[in-house]
Amino acid sequence: MGGPVLAVLGGGQLGRMLGLAALPLGARCRFLDPAPDAGAGAVGELVVGALDDPGALDRVAEGADAVTFEWEGVPADAARRLAARLPVFPGPEALAASQDRQAEKAAFARLGIPTAHFAAVDSRVGLARAVDEVGLPALLKTRRGGYDGKGQHRIDGADDGALDGAWGALGGVPLILERVVPFTRELSVLAVRDRARATRCWPLVENEHRDGILRTSRAPAPGVTPELQGRAERYATRLLDEWGYVGVLAVELFDVDGELLANEVAPRVHNSGHWTIEGATTSQFENHVRAVLGWPLGATDAVGVSAMVNCIGALPEPGAVLAVPGAHLHVYGKAPRPDRKVGHITVTASSPDVLQDRLAQLSAHI
Ligand SMILES: Nc1ncnc2c1ncn2[C@@H]1O[C@H](COP(=O)(O)OP(=O)(O)OP(=O)(O)O)[C@@H](O)[C@H]1O
Ligand SMILES: [Mg+2]
């Protein structure tokens, strides 16, 4: 079987959707994941092994044309090791920076991308100092390893009790304190750059989180001026430039009455871009595959309007979802567990009114 082989570090739902996008292009993905039942195994070859196991890394990269990753927890050293002999996109530097909230925010600051006030915290004394510097209310976060709002503790008061509580909850690992942003809404911008440096961005997306977990995305985000879209694209482009980036990159943003503050960056395809599978001319997954394999990008404009709803903890009954016009169901092949993303539904429509009506039907059914 000819066609390029893309080695993918990680084999979760993002890998699965990359694999599905690669197939019609005549490309194949080969995944590395520690779980023998990883969801991406249904759409490509699965190498079962740890992401820091040199032998497993060699096996997944054997004969591959390029390497990418679908999880930003991949050890940067694993990416560096493979980068010595194969194209690894995005590069290990982007991966390393995005794994550390302090390094990430420092990169934003260096590139003139506004953020919430922040300060590194490494001790209980340092926490009191950071609270003075950053102001309250604030969120204490672990610098590494957080996802879906895990590893975060909100601080409302500067008294010893509040600080002891926060330090007791998270202290002992490198931390960052961030001022709570009184945002009007959350947005994200997805950008993609190919190996010839052509760059495209999808329309801004509006995201609703509950308990730190993304619940729904709406695309295009309503009420976005060309100026706001342009500003978000400039921020994303500065990061692409900074890291010599190839592939899809997502920047999570807080919209504070039209001012944009960057929250975090994901050096990979992103949950807030799942709507692009049905809602854009080219999906984030297809464009990521095109970019890293050295092919030209497809157009990123929206087709009508869409909303993506995550299925968290359990899957709905497929027939009920599919009875709603414009609804598309994506099941990830993961065992259901509380707070775990096990699938998503994208509803597409020709106008916001029709979309609203279809979402109402969906919520009545599931
Ligand atoms: N400084 C802040 N001010 C206000 N809200 C915040 C702030 N930081 C985080 N949040 C809220 O918590 C959510 C999750 O935070 P963040 O994106 O930092 O964590 P995460 O665990 O890395 O999330 P994920 O990886 O799932 O995007 C944000 O989308 C936002 O709703
Ligand atoms: Mg986030």
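No experiment lies behind these values; they were computed from the predicted model shown. Here the residue numbering is sequential within each chain, running from 1 through the sequence in written order. Throughout, the order in which chains and ligands are written sets their labels, letters from A for the former and numbers from 1 for the latter. Confidence filtering applies because this is a predicted model: local features only for residues at pLDDT of at least 70, side-chain atom pairs given and counted only at 80 or more, and all residues used for totals across whole chains, interfaces and linings. Side-chain numbers here rest on the full set of heavy atoms in the structure, without hydrogens or water.

S.K.: Would you explain the sheet that holds strand E6 (residues 138-142) in this entry?
M.R.: Note on sheets: strands pair through backbone hydrogen bonds, and any given pair is parallel or antiparallel. The pairing criterion for strands is at least two bridges between them, as found by DSSP. A helix here means a DSSP run of H or I that spans at least four residues, while a strand means a run of E at least two residues long, and both kinds are numbered starting from the N terminus. The four strands are arranged E5-E8-E6-E7 in an open sheet whose pairing can be described as antiparallel. Here the strands that pair on one side only, and so sit at the sheet edges, are strand E5 (118-121) and strand E7 (152-155). The average angle at which neighbouring strand axes cross in this sheet is 25°, direction not considered. With five bridges joining them, E6 and strand E8 (residues 175-179) adopt antiparallel strand pairing. Residue pairing for E8: Ala 138 is matched across the bridge by Arg 179. Across the sheet, helix H6 (residues 124-134) touches E5, E6, E7 and E8, and the angle it forms with E5 is around 175°. Contact definition: two residues touch when any of their heavy atoms are within 4.5 Å. Fitting a line to C-alpha atoms yields each axis, with helices limited to the stretch in contact; the angle taken between N-to-C directions then spans 0 to 180 degrees. Packing of helix H7 (residues 160-170) onto the sheet brings it into contact with E5, E6, E7 and E8, and relative to E7 it is tilted by some 175°.

S.K.: What's the story with the coordination of the magnesium ion (ligand 2) in this structure? I'm lost.
M.R.: Think of it this way: four donors in a tetrahedron around the metal ideally sit 109.5 degrees apart, and six in an octahedron ideally sit 90 or 180 degrees apart. Listed as protein donors to the magnesium ion (ligand 2) are Glu 252 (OE), Glu 252 (OE) and Glu 264 (OE); their distances from the metal cover 2.0 to 2.7 Å. Of the two residues, Glu 252 is situated in strand E13 (residues 247-256) and Glu 264 in strand E14 (residues 259-266); the sequence distance between them amounts to twelve residues. Classification of Glu 252 as buried rests on a relative accessible area of 13%. Each metal site is built from N, O and S donor atoms within 2.8 Å (3.2 Å for Na, K and Ca), and since water is not included, such sites may look incomplete. Partly exposed residues are those whose accessible area sits between 20% and 50% of the maximum for their type, while under 20% is buried and over 50% is exposed, using a 1.4 Å probe and protein chains only.

S.K.: What is the right way to look at the domain arrangement of the protein chain in this model?
M.R.: Accessible area lost upon the coming together of the parts serves often as the stated size of an interface. Start and end positions for the domains come from either an automated domain assignment or a database one. Assigned domains of the protein chain: these are domain 1 (5-88), domain 2 (117-179) and domain 3 (185-363). Averaged C-alpha coordinates put domain 2 and domain 3 at centres separated by 30 Å. Contacts between the two partners involve four residues from domain 2 and, on the opposite side, six residues from domain 3. Joining two parts hides part of their accessible area as seen by a 1.4 Å probe, and the buried area is that hidden amount summed over both. Across the interface of domain 2 and domain 3, roughly 310 Å² is buried in total on both sides, 29% from carbon and sulfur atoms. In the sections that follow, a salt bridge refers to a side-chain nitrogen of Lys or Arg positioned within 4 Å of a carboxyl oxygen of Asp or Glu. In this structure, the connection of domain 2 to domain 3 is made through one salt bridge. With its nearest N and O atoms 3.2 Å apart, the salt bridge here joins Asp 148 to Lys 341.

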